[in-house]
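Single-letter residue listing:
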Amino acid sequence: MAFAALADTDAADVDVAVLRALIEEFGGEGTGATLGRRLAELTGWPEARSPRWLRGVLGRLEACGAVTLEPVDGAEVIARISAHGVAQAYDGAPVPRL
């Protein structure tokens, strides 16, 4: 899948990319730092390596029930996909904003 520059990418597409990376690359569970590094490799988005940027995306996904976040060692989190997140990653619909 080819990705546009992050600045040209719709937020819903960013959410889907994060959800799919969490599922396909990590089996549904991964640390924020590892997810960010892998997402940057897959998409070419250097911003994905930023803990602040990724935490914002993961927070948005947590707010709509697509993932759960478990704090670990200060600023680090473990992200876990939910059934809703799997559906959102593959049904083509954007993740709803609350």
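To start, this report covers the structure provided alongside it. (Residues numbered from 1 in each chain as written. Predicted model: local features only at pLDDT ≥ 70, side-chain atom pairs only at ≥ 80, totals over all residues. Heavy atoms only, no water.)

1. So, the pairing of strand 3 (residues 76-81)
Note the cut-off: By the convention used here, strands pair only if DSSP detects at least 2 bridges between them. Numbered from the N terminus, helices here are DSSP runs of H or I no shorter than four residues, and strands are runs of E no shorter than two.
With three bridges joining them, strand 1 (residues 29-31) and strand 3 adopt antiparallel strand pairing. Residue pairing for strand 3: G30 is matched across the bridge by A79. The pairing of strand 2 (residues 67-72) with strand 3 spans six bridges and is classified as antiparallel. Counterpart to P71 in the pairing with strand 3 is V77. What sits between the antiparallel neighbours strand 2 and strand 3 is a turn of three residues, in which D73 has the positive phi angle 50°.

2. Considerations on the packing of helix 1 (residues 11-26) against helix 2 (residues 32-43)
Put simply, the rule is: All axes are obtained by fitting lines to C-alpha atoms, using only the stretch in contact for helices, and the reported angles, taken between N-to-C directions, cover 0 to 180 degrees. Here the angle decides the label: under 35 degrees means roughly parallel, over 145 means roughly antiparallel, 65 to 115 means roughly perpendicular, and every other value means oblique. Here a residue-residue contact requires only that any non-hydrogen atoms of the pair lie within 4.5 Å. Amino acids outside the nonpolar list (Ala, Val, Leu, Ile, Met, Phe, Trp, Tyr, Cys, Pro) and the charged list (Asp, Glu, Lys, Arg) are all regarded as polar, and Gly is one of them.
As a packed pair, helix 1 and helix 2 sit with axes 10 Å apart at the nearest point and diverge in direction by 105°. By the angle between their axes, helix 1 is roughly perpendicular relative to helix 2. Residues A17, V18, A21, L22, E25 and F26 of helix 1 form the contact with helix 2, whose own contacting residues are T34, L35, R38, L39 and L42. The residue makeup of the contact of helix 1 with helix 2, split by class, is eight nonpolar, one polar and two charged.

3. Digging into the sheet that holds strand 2
Strand order across the open sheet formed by three strands is 1-3-2, with antiparallel pairing between neighbours. Every interior strand has two partners, whereas the edge strands, strand 1 and strand 2, have only one. Sheet twist, expressed as the average angle between the axes of neighbouring strands with direction ignored, equals 20°. This element, helix 1, spans strand 1, strand 2 and strand 3 of the sheet and lies at about 85° to strand 3. The sheet strands contacting helix 2 are strand 1 and strand 3, and the helix crosses strand 1 at an angle near 95°.

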